[in-house]
Amino acid sequence: MHLSRLVTLAGVAVAGLALFLPQARFPVIGPVDGFDGAAWPVMLPLALLALLAVLGDRPEGHRLPVALLAVLLSCAALVFAVAKAVDAVAAAGAVAGGAVRAGPWMVLAGAALALAGSLLSFSRRIG
């Protein structure tokens, strides 16, 4: 299995598991996870990316378009993860006693790892 697929799947797994972590904590309502904090849509492009990684090798003529699609999907996920991290910081900062937790940073790290795996898919020498 090509290293790019392993890195991509690891990034998708990290982002998916991070949705269960608290994104922010507020004094009155307590912790807010990635589902309540609306960070779950990051998994839409990442799910398609995971599907591409699991499907495996493509014929030689189709390798470049699939790699480009993988990079576009991972970039979309990364942009959304950055937006949700900014939202979490802004929401926690607007409430006295509010604090950002590990969730948004882990979602962001997972999306970045998925992007790294997508970029590795252009290489034929690794794996």
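Given the structure is predicted, the values throughout are model-derived calculations rather than measurements. (Residues numbered from 1 in each chain as written. Predicted model: local features only at pLDDT ≥ 70, side-chain atom pairs only at ≥ 80, totals over all residues. Heavy atoms only, no water.)

Focus on the overall build of the protein
Phase 1 of the analysis: Along the protein, the regular secondary structure elements total four helices and three strands.
Phase 2 of the analysis: Traced from its N-terminal end to its C-terminal end, the protein shows the element sequence α-β-β-α-α-β-α.
Phase 3 of the analysis: Taken across its 127 residues, the protein has 39% of its residues classed as buried.
Phase 4 of the analysis: Expressed as a percentage of contacts within the protein between residues at least 6 apart in sequence, the contacts between residues at least 24 apart total 74%. (Helix = DSSP H or I, 4+ residues; strand = E, 2+ residues; numbered from the N terminus. Buried < 20%, exposed > 50% of the residue type's maximum accessible area, 1.4 Å probe, protein only. Contact = heavy atoms within 4.5 Å.)

Structural notes on the nonpolar core
Phase 1 of the analysis: Counting residues in hydrophobic clusters, the biggest one holds 19 residues, and the most contacted among them are L19, V42, M43, L46 and V107.
Phase 2 of the analysis: Elements supplying a minimum of two residues to this core: α1 (3-18), α2 (43-55), α3 (63-94) and α4 (103-120). (Core = buried A, V, L, I, M, F, W, Y, C linked by side-chain atoms within 4.5 Å.)

Quick look at α2
Phase 1 of the analysis: Helix length check: α2, at 13 residues, gives a terminal C-alpha distance of 18 Å against a target of 18 Å (1.5 Å per residue), a fit within 8%.
Phase 2 of the analysis: Every buried residue of α2 is accounted for by M43, P45, L46, L49, A50, L52 and A53. (Expected span 1.5 Å × (residues − 1).)

Observations regarding the sheet that holds strand β2 (residues 30-33)
Phase 1 of the analysis: Judged by pairing direction, the sheet is antiparallel, and its three strands sit side by side in the order β2-β1-β3 without closing on themselves. Each of the sheet's edge strands pairs with one partner strand only, and the pair in question is β2 and β3 (99-100).
Phase 2 of the analysis: Pairing between strand β1 (residues 22-26) and β3: two bridges, direction antiparallel. The residue of β3 that forms the bridge with R25 is A99.
Phase 3 of the analysis: This element, α4, spans β1 and β3 of the sheet and lies at about 160° to β1. (Pairing = 2+ DSSP bridges. Axes fitted to C-alpha atoms, helices over the stretch in contact; angles between N-to-C directions.)

What about the pattern of salt bridges?
Phase 1 of the analysis: Using the criterion set out here, one finds one salt bridge in the structure.
Phase 2 of the analysis: With a shortest N-O distance of 3.4 Å, D87 and K84 are connected by a salt bridge. Here K84 and D87 lie together in helix α3, a separation of three residues that amounts to about one turn.
Phase 3 of the analysis: A residue is classified by how much of its surface remains accessible, and D87, at 40% relative accessible area, is partly exposed.
Phase 4 of the analysis: K84 sits in the buried class, given a relative accessible area of 16%. (Salt bridge = Lys/Arg side-chain N within 4 Å of Asp/Glu carboxyl O.)

Details of the side chain of S74
Phase 1 of the analysis: In this structure, S74 sits in helix α3.
Phase 2 of the analysis: For S74, a relative accessible area of 0% puts it in the buried group.

Looking at the environment of V79
Phase 1 of the analysis: Within the element layout of this structure, V79 appears in helix α3.
Phase 2 of the analysis: Look at V79 and you get exposed, because its relative accessible area is 60%.

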